[in-house]
Amino acid sequence: LMLLALAVMAAWLGSGWMSVIVVRRLRAGLPAVAEAPQRPVPWRGIDVITAVMIMILARIVAQVAITGGSSGPADTTAPDMTAQLVAGVLAMVGGAAATAVMLRRRGATWADLGLWPVAPARDLRLGAGGLVLVLAPLLAIAALLNRIVPYQHPIIDYLNEHSDPLAIAVVVVAAIVVAPIAEEFLFRRVLQGWLETLPLPFGPGSAIGLASLAFALAHAGHGLAWLPLLALGVVLGVLVRQTGSIMPAILLHAFFNAVSVGLLLLQLSGVVPAS
């Protein structure tokens with residue numbers, strides 16, 4: 001418990017430190033994140049709809065191929081839930097790849113897709129800095145909301161009943177590797193990038209807000225956890241908007257999910273109290 005208290009204190013101190021840095025930049029007339037030169041994305045609304053249909057089709061195909069078509073959301077037995085998680089991973093990878101191919105055939109460049117140029121030092125700095133900024137407040141909000149509507153998710157039941165290496169490995173790959181890549185590409189680049197080309201009332205701010213809302217609602221149905229995800233989506237959206245790259249957002253998303261999965265595993269093992 002002492003180590004947990006120290007970790008919580010460090011998280012809040014880090015968040016306060018990053019908040020001061022952001023406020024100082026804004027007061028100096030600078031953006032929170034330096035804006036890189038970029039052009040509007042070339043795809044249209046019909047391409048965004050096509051991307052959604054591709055993801056749905058990929059999910060159906062993967063579900064049928066891996067599980068025989070059985071979704072079974074309430075079934076947390078190891079073989080069934082593992083198969084569903086694997087199907088989800090394949091669907092995200094296949095759907096995102098197919099969407100990228102489709103947009104490339106429509107004339108999009110790697111820069112349009114947010115995948116080039118790669119700046120590892122900058123991306124890592126922004127991803128880590130973003131995590132320090134949002135981690136403590138978002139986890140605190142999630143904990144408070146959990147007292148109002150308890151968070152429930154099949155993966156929690158799955159890991160609670162099957163904490164074997166295979167189960168943990170599948171969850172780690174799905175949550176920390178695949179989901180951040182696929183979701184940042186689809187929500188922050190495909191959807192938000194298109195919204196930024198529209199004459200919305202508040203310009204890019206509206207595009208970021210709408211894409212963040214779509215991201216949060218995609219995670220609805222498990223208590224009120226979608227509310228802190230809405231705030232996380234805004235931070236991710238600002239990173240992509242300012243840099244033109246999805247790499248910093250992917251790293252922040254992955255770091256955040258890694259902490260969340262780590263805390264979940266510690267709670268299920270009894271090291272960290274569930275409260």
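Definitions and cut-offs
Residue indices begin from 1 for each chain and proceed along its sequence in written order. Local features are withheld for residues below a pLDDT of 70 in this predicted model, meaning they are given only at 70 or higher, and side-chain atom pairs are given and counted only at 80 or more; totals for whole chains, interfaces and linings count all residues. Only heavy atoms go into the side-chain values, all of them from the structure, while hydrogens and water stay out. Helix and strand definitions follow DSSP, with helices as H or I runs of at least four residues and strands as E runs of at least two, each counted in order from the N terminus. This radius of gyration counts C-alpha atoms alone. The globule rule is 2.2 Å times how many residues there are, raised to the power 0.38. The contact criterion used is simple: two residues touch if any of their non-hydrogen atoms lie within 4.5 Å. Only the protein chains shown count as covering a residue, and every accessible area follows the Shrake-Rupley method with a 1.4 Å probe. For this count, His and the chain ends are skipped, Lys and Arg are scored as positive, and Asp and Glu as negative. All charge positions are set by atom: Lys at NZ, Arg at CZ, Asp at CG, Glu at CD. Multiplying 1.5 Å by the helix residue count minus one yields the expected span of that helix. Here the bend at each residue means the angle between axes fitted to two seven-residue stretches, the one ending at that residue and the one beginning there. Whether a residue is buried, partly exposed or exposed follows from its accessible area with a 1.4 Å probe, protein chains only, as a fraction of its type maximum: under 20%, in between, or over 50%, in that order. Both cavities and pockets are sets of points on a 1 Å grid over the protein atoms alone; in a cavity a 1.4 Å probe fits but cannot get out, in a pocket the set is open with protein on both sides within 12 Å along at least five of seven lines, and lining residues sit with an atom within 4 Å of a point. Grid points are joined across faces, edges and corners, and a volume is the space filled by probe spheres set on the points. For this classification, Asp, Glu, Lys and Arg are treated as charged, while Ala, Val, Leu, Ile, Met, Phe, Trp, Tyr, Cys and Pro are nonpolar and the rest, including Gly, are polar. Each reported salt bridge corresponds to a side-chain nitrogen of Lys or Arg within 4 Å of a carboxyl oxygen of Asp or Glu. Whenever two N or O atoms come within 3.5 Å, that pair is a polar contact, provided that in protein one can donate a hydrogen and the other can accept it, and provided that, for residues adjacent in sequence, both atoms are side-chain atoms. In this scheme, patches are assembled from residues that exceed 30% relative accessible area and form no salt bridge. Like charges are connected within 9 Å, while nonpolar side chains (Val, Leu, Ile, Met, Phe, Trp, Tyr) are connected within 5 Å. Every axis in this analysis is a line fitted to C-alpha atoms, fitted for helices over the stretch in contact. Angles between the N-to-C directions lie between 0 and 180 degrees. Angle categories are assigned with fixed cut-offs, so that under 35 degrees is roughly parallel, over 145 is roughly antiparallel, 65 to 115 is roughly perpendicular, and the rest are oblique. Helix crossings get a hand from a simple test, with the near helix turned counterclockwise from the far one by less than a right angle marking a left-handed crossing and a clockwise turn marking a right-handed one. What makes a nonpolar core is a set of buried Ala, Val, Leu, Ile, Met, Phe, Trp, Tyr and Cys residues whose side-chain atoms join them at distances within 4.5 Å.

**Brief notes about the overall build of the chain**
So, step 1. Of the regular secondary structure elements, the chain holds 9 helices and 0 strands.
So, step 2. Moving toward the C terminus, one meets the helices and strands of the chain in the order α-α-α-α-α-α-α-α-α.
So, step 3. The globule rule puts the C-alpha radius of gyration for 275 residues at 19 Å, and the 19 Å found for the chain is close to it.
So, step 4. With respect to the three principal axes, the spread of C-alpha positions in the chain is 50 × 45 × 35 Å.
So, step 5. Excluding contacts between residues fewer than 6 apart, the proportion of contacts in the chain whose partners are at least 24 apart in sequence is 77%.
So, step 6. Accessible surface, the chain as shown: approximately 14,300 Å² in total, 73% of it carbon and sulfur.
So, step 7. Within the chain, the 12 negative side-chain charges are centred at a point lying 15 Å from the centre of the 15 positive side-chain charges.

**Looking at helix H4 (residues 120-148)**
So, step 1. Under the 1.5 Å per step criterion, the end-to-end length of H4 is 40 Å for 29 residues, consistent within 8% with the ideal 42 Å.
So, step 2. Maximal helix bending in H4 amounts to about 40 degrees, located at valine 134; proline proline 137 follows within four positions.
So, step 3. Those residues of H4 not exposed but buried are Asp123, Leu126, Gly127, Gly129, Gly130, Leu131, Val134, Leu135, Ala136, Leu138 and Leu145.
So, step 4. Buried residues in H4 make contact with helix H1 (2-27), helix H8 (226-243) and helix H9 (247-269).

**Regarding the layout of surface pockets**
So, step 1. In this model, the second largest pocket occupies a volume close to 390 Å³.
So, step 2. Forming the boundary of the second largest pocket are 17 residues, of which Met18, Val33, Leu126, Gly129 and Gly130 lie nearest the centre.
So, step 3. For the lining of the second largest pocket, the secondary-structure elements that each account for two or more residues are H1, H4 and H8.
So, step 4. For the lining of the second largest pocket, the per-class residue count stands at 13 nonpolar, 2 polar and 2 charged.

**Let's talk about the pattern of salt bridges**
For side chains of opposite charge, pairing can occur when their charged atoms come near one another.
So, step 1. All told, the structure shown has 6 salt bridges when counted by the stated rule.
So, step 2. Between aspartate 112 and arginine 39 there is a salt bridge; the shortest N-O distance is 2.4 Å. Remark: arginine 39 occurs in the loop between H1 and helix H2 (45-67) and aspartate 112 occurs in the loop between helix H3 (78-105) and H4; sequence separation between them is 73 residues.
So, step 3. Under the relative-accessibility criterion, aspartate 112 is labelled buried at 2%.
So, step 4. Residue arginine 39 is classed as partly exposed on the basis of its relative accessible area of 46%.
So, step 5. In the salt-bridge network here, residues are joined through shared partners; they are Glu35, Glu196 and Arg241.

**Looking at helix H6 (residues 165-195)**
So, step 1. A maximum bend of about 45 degrees is found in H6 at alanine 179, where proline proline 180 lies one to four positions downstream.
So, step 2. Between the side-chain oxygen at the start of H6 and the backbone nitrogen of leucine 166 there is a gap of 3.2 Å, and the oxygen is on aspartate 164.

**What to know about a nonpolar patch on the surface**
So, step 1. A surface patch of nonpolar side chains, amounting to about 640 Å² of accessible area, comprises Ile46, Ile49, Val52, Met53, Ile56, Ile60 and Val64.
So, step 2. Along the chain, valine 52 falls in helix H2.

**Points about the environment of valine 172**
So, step 1. Along the polypeptide, valine 172 turns up in helix H6.
So, step 2. On the basis of relative accessibility, which here comes to 27%, the residue valine 172 falls in the partly exposed class.
So, step 3. A sequence separation of 43 residues divides valine 172 from glycine 129, and the C-alpha atoms of the two residues are 22 Å apart.
So, step 4. Non-local contacts of valine 172, meaning those with residues more than four positions away in its chain, are made with Val177 and Val261.

**Considerations on the packing of helix H5 (residues 154-161) against H9**
So, step 1. Interaxial distance between H5 and H9 falls to 10 Å at its minimum, and their mutual angle equals 45 degrees. It follows from the interaxial angle that H5 and H9 lie oblique. Viewed along their axes, H5 and H9 form a crossing whose handedness is right-handed. Listed contacts from H9 to Ile156, Leu159 and Asn160 of H5 are Leu264, Leu265 and Leu268.
So, step 2. Residue classes in the contact of H5 with H9 are distributed as 5 nonpolar, 1 polar and no charged.

**A closer look at the environment of alanine 249**
So, step 1. Mapping alanine 249 onto the fold places it in helix H9.
So, step 2. Overall, the relative accessible area of 0% leaves alanine 249 in the buried class.

**Observations concerning the nonpolar core**
So, step 1. Among the nonpolar cores identified, the biggest contains 43 residues, and Trp43, Leu103, Leu113, Phe185, Val190, Leu232 and Leu252 are the most heavily contacted of them.
So, step 2. Counting only elements with at least two residues in this core, the list comes to H2, H3, H4, H6, helix H7 (204-217), H8 and H9.
So, step 3. Counting residues per element, this core draws most heavily on H6, at 10 residues.
So, step 4. In terms of nonpolar packing, the next biggest core, distinct from the first, is built from 8 residues, Met81, Leu85, Val170 and Leu264 among them.

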